[in-house]
2 protein chains.
Amino acid sequence: MTQTRQDQIREGKSKILFSTKDPNQIIQYFKDDATAFNALKKGTIKNKGLINNRISSSLFQYLERKGIQTHFIKQLSEREMLVKKLEIIPVEVVIRNRAAGSLCKRLAIEKGMSFDPALVEYFYKSDALGDPLISEGHILHFRWATAKELSLMVETSLKVNEVLRPVFKEIGLELIDFKLEFGRDAEGKVFLADEFTADGCRLWDLQTQEPMDKDRFRQDLGGVDEAYLEVSKRLQNYFEARL
Amino acid sequence: MTQTRQDQIREGKSKILFSTKDPNQIIQYFKDDATAFNALKKGTIKNKGLINNRISSSLFQYLERKGIQTHFIKQLSEREMLVKKLEIIPVEVVIRNRAAGSLCKRLAIEKGMSFDPALVEYFYKSDALGDPLISEGHILHFRWATAKELSLMVETSLKVNEVLRPVFKEIGLELIDFKLEFGRDAEGKVFLADEFTADGCRLWDLQTQEPMDKDRFRQDLGGVDEAYLEVSKRLQNYFEARL
């Protein structure tokens, strides 16, 4: 049975969630809306919803093949992804291979500084508080995740890094950093959730060192629509050549 | 030989550091200056320097007796403390027994929420950056401390909590939270450094629940001088009765 949208559950900054007739499955609908700096900056990126659904679907499928359990079930349409219904853990895991963005400002770290092993950061998922940086202690004390969940989240995030860095490198992009979200199903099992797109990661072109991600929107660099489309095309070619 | 002040090394917000004729010893001179909110708020607290030197000296001596290694050598005068010359580790360790201050705002935590075990937080010691919150990952990646130093710092901080909570309780005060700094000597050995005073901790009166610390200054509650003096007197009585 192909699931179709029932009631709207929640509208986020870049996606709308809908229930389906199956209580364990929901639909993520990808919008073109773009926000930055905790939604202080708003706009749209042409076809972003469609592109992000395509990128996320192909990357989640690839991650699944590499043994990483995600909420992805299948791509339903251009802008719709069927996913497992999860209780989202309010902790964003950020993996940084190089310094960029908020980190540079926050700690006066030089942009581009390389991290090996990758730097792991945690943020508390709260629009009202501006997604503040947190540490392991906060996560455990406030019971946002258990120690077991947290270690699984970190391990999975580092594995995602290991799996995706070579993919991006093959298509001429360096994976600078990325944000992941996780959720638990009714049985408490933890899955990678949300999305993996140019909205939530930094990709620098290996030739030009130009950003090919949401930094083009954040910093008004122009060519935003084109960058998203370019990343999507390169990924599509990469995966098609390997099917 | 009693050391005397030679050259001024550095003037901080509440202390001035002087060299001595011994290259391994320096003098901390305690000022009456008080600052809050990263020095946006400035003032003086009557006799604070004298009181803080007295409080810190007696607490450091007590901690030493309990097996905690501090930079304290001896109190030289009303406002002067002779200490080991250390390279200060740029990480402040904050131990919280209850939620108060920046934590409540940052993460929307209810004031007074109790933590058992204590919550450990780390801040990067940088006036220019406003002492930002950091996590273990930052400390290790940016080599602000080694893993061994960090674990010693946390262990020592928790032991300080264990040792001082009952002392404050005996004198009618609840130790809500406190900040510690550490430094390494020429051989790389780590010592508790800086000070332990009402400037860097929160103490709530067990009877009235009133703050008896720098929050009186931060929040313009009045009775600032009196609170500092009262804490000092109660501590003095406590230690005198036990000598």
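Scoring rules and cut-offs
Going along each chain's sequence as written, the residues are numbered from 1 onward. To label them, take the chains in the order written and letter them from A, then take the ligands in the order written and number them from 1. Selection of residues for local features in this predicted model requires a pLDDT of at least 70, selection of side-chain atom pairs for listing and counting requires 80 or more, and totals for whole chains, interfaces and linings are taken over all residues. As a rule here, side-chain values cover all heavy atoms of the structure and leave hydrogens and water aside. Copies are brought into register by a least-squares superposition over C-alpha atoms of residues with pLDDT of at least 70 in both. Should any heavy atoms of two residues lie within 4.5 Å, those residues are considered in contact. Pairing between strands is defined by DSSP: at least two bridges between the two strands are required. Runs of E in the DSSP output that reach at least two residues are strands. Runs of H or I that reach at least four are helices, and both are numbered from the N terminus. Interaxial angles span 0 to 180 degrees and are taken between N-to-C directions of axes, which are lines fitted to C-alpha atoms, for helices over the stretch in contact. Grouping buried Ala, Val, Leu, Ile, Met, Phe, Trp, Tyr and Cys residues that are joined through side-chain atoms within 4.5 Å yields what is termed a nonpolar core. Relative accessibility thresholds used throughout: buried, under 20% of the residue-type maximum; exposed, over 50%; partly exposed, between the two (1.4 Å probe, protein chains only). Residue ranges for the domains trace back to a domain assignment, done automatically or taken from a database. The term buried area means the drop in 1.4 Å probe accessible area that two parts suffer when joined, counted for both and summed. Any carboxyl oxygen of Asp or Glu that lies within 4 Å of a side-chain nitrogen of Lys or Arg is treated as forming a salt bridge with it. Polar contacts here mean pairs of N or O atoms no more than 3.5 Å apart (in protein, one a potential hydrogen donor and the other a potential acceptor; neighbouring residues in sequence count only if both atoms are side-chain atoms). The aromatic pairing rule takes the rings of Phe, Tyr and Trp, using the six-membered ring of Trp, and pairs them if the centres are within 6.5 Å, calling planes under 30 degrees apart stacked, those over 60 edge-to-face and the rest tilted.

K.L.:
How would you summarise the relation of the copies chain B and chain A if you had to cite specific residues and measurements?
P.N.:
Both copies of the chain are related by a screw-like operation: a rotation about an axis and a shift along it. For the pair chain B and chain A, the best superposition has an RMSD of 0.0 Å and corresponds to a rotation of 180° with a translation of 0.0 Å parallel to the axis. Both chain copies can therefore be described as sitting about a two-fold axis. By C-alpha distance to the rotation axis, the residue of chain B lying nearest is Ser135 of chain B, at 2.5 Å. Taken together, the interface assignments show that 100% of the residues at the interface of chain B recur at the interface of chain A, consistent with an identical surface on both copies.

K.L.:
Can you tell me about the sheet that holds strand β7 (residues 80-84) of chain B, naming the residues and giving the values?
P.N.:
All names here are of chain B. Here we have five strands laid out as an open sheet, ordered β1-β2-β3-β7-β6, and antiparallel in their pairing. The open sheet is flanked by β1 (8-11) and β6 (72-75), the only strands paired with a single partner. Sheet twist, expressed as the mean angle between neighbouring strand axes with direction ignored, is 25°. When strand β3 (residues 25-30) meets β7, the two strands line up antiparallel, connected through five bridges. Among the inter-strand pairings, Tyr29 is bridged to a residue of β7, identified as Glu80. Its contacts with the sheet put helix α1 (residues 48-65) on β3, β6 and β7, and the angle it makes with β6 is roughly 135°.

K.L.:
Could you give an account of the nonpolar core, with specific residues and numbers?
P.N.:
Counting residues in each nonpolar core, the largest one holds 66 residues, and the members touching the most others are Tyr122, Val160, Leu164, Phe168, Phe196 and Leu235 of chain A. Looking at this core element by element, the count peaks at eight residues for helix α4 (residues 147-170) of chain A. Once residues within four sequence positions are removed from consideration, Phe168 of chain A is found in contact with Leu59, Leu173, Leu175, Phe196, Leu203 and Leu235 of chain A. With 65 residues, the next largest nonpolar core counts Leu119 of chain A together with Ile68, Trp144 and Val167 of chain B among its residues.

K.L.:
Tell me what's going on with the domain arrangement of chain A, and back it up with residues and numbers.
P.N.:
Residue and element names in this part refer to chain A. In terms of domain boundaries, chain A breaks down into domain 1 (8-84) and domain 2 (87-222). Between the C-alpha centres of domain 1 and domain 2 the distance comes to 17 Å. Between domain 1 and domain 2, the residue contacts involve 28 residues of the former and 23 residues of the latter. Of the roughly 2,300 Å² buried at the junction of domain 1 and domain 2 (both faces included), carbon and sulfur atoms supply 61%. In this assembly, domain 1 and domain 2 are joined by five salt bridges. Note that Asp194 is salt-bridged to Lys15, the shortest N-O span being 2.8 Å. Where domain 1 packs against domain 2, one counts 17 residue pairs in polar contact (both at pLDDT 80 or more).

K.L.:
Go over the packing of aromatic side chains, please, and point to the residues and values.
P.N.:
All told, the structure shown has 14 aromatic pairs over all chains when counted by the stated rule. Here Phe115 of chain A and Phe142 of chain B contribute two aromatic rings whose centre-to-centre distance is 5.7 Å and whose plane-to-plane angle is 75°, an arrangement assigned as edge-to-face. Note that Phe115 of chain A is positioned in strand β10 (residues 114-124) and Phe142 of chain B in the loop between α3 (136-141) and α4 (147-170), a pairing that runs across two chains. Pair check on accessibility: Phe115 of chain A and Phe142 of chain B agree, each one buried. Ring geometry for Tyr62 of chain B and Phe239 of chain B: centres 5.2 Å apart, planes at 50°, overall tilted. In this pair, Tyr62 of chain B sits in helix α1 while Phe239 of chain B sits in helix α6 (residues 224-241), placing the two residues 177 residues apart along the sequence. A residue is classified by how much of its surface remains accessible, and Tyr62 of chain B, at 12% relative accessible area, is buried.

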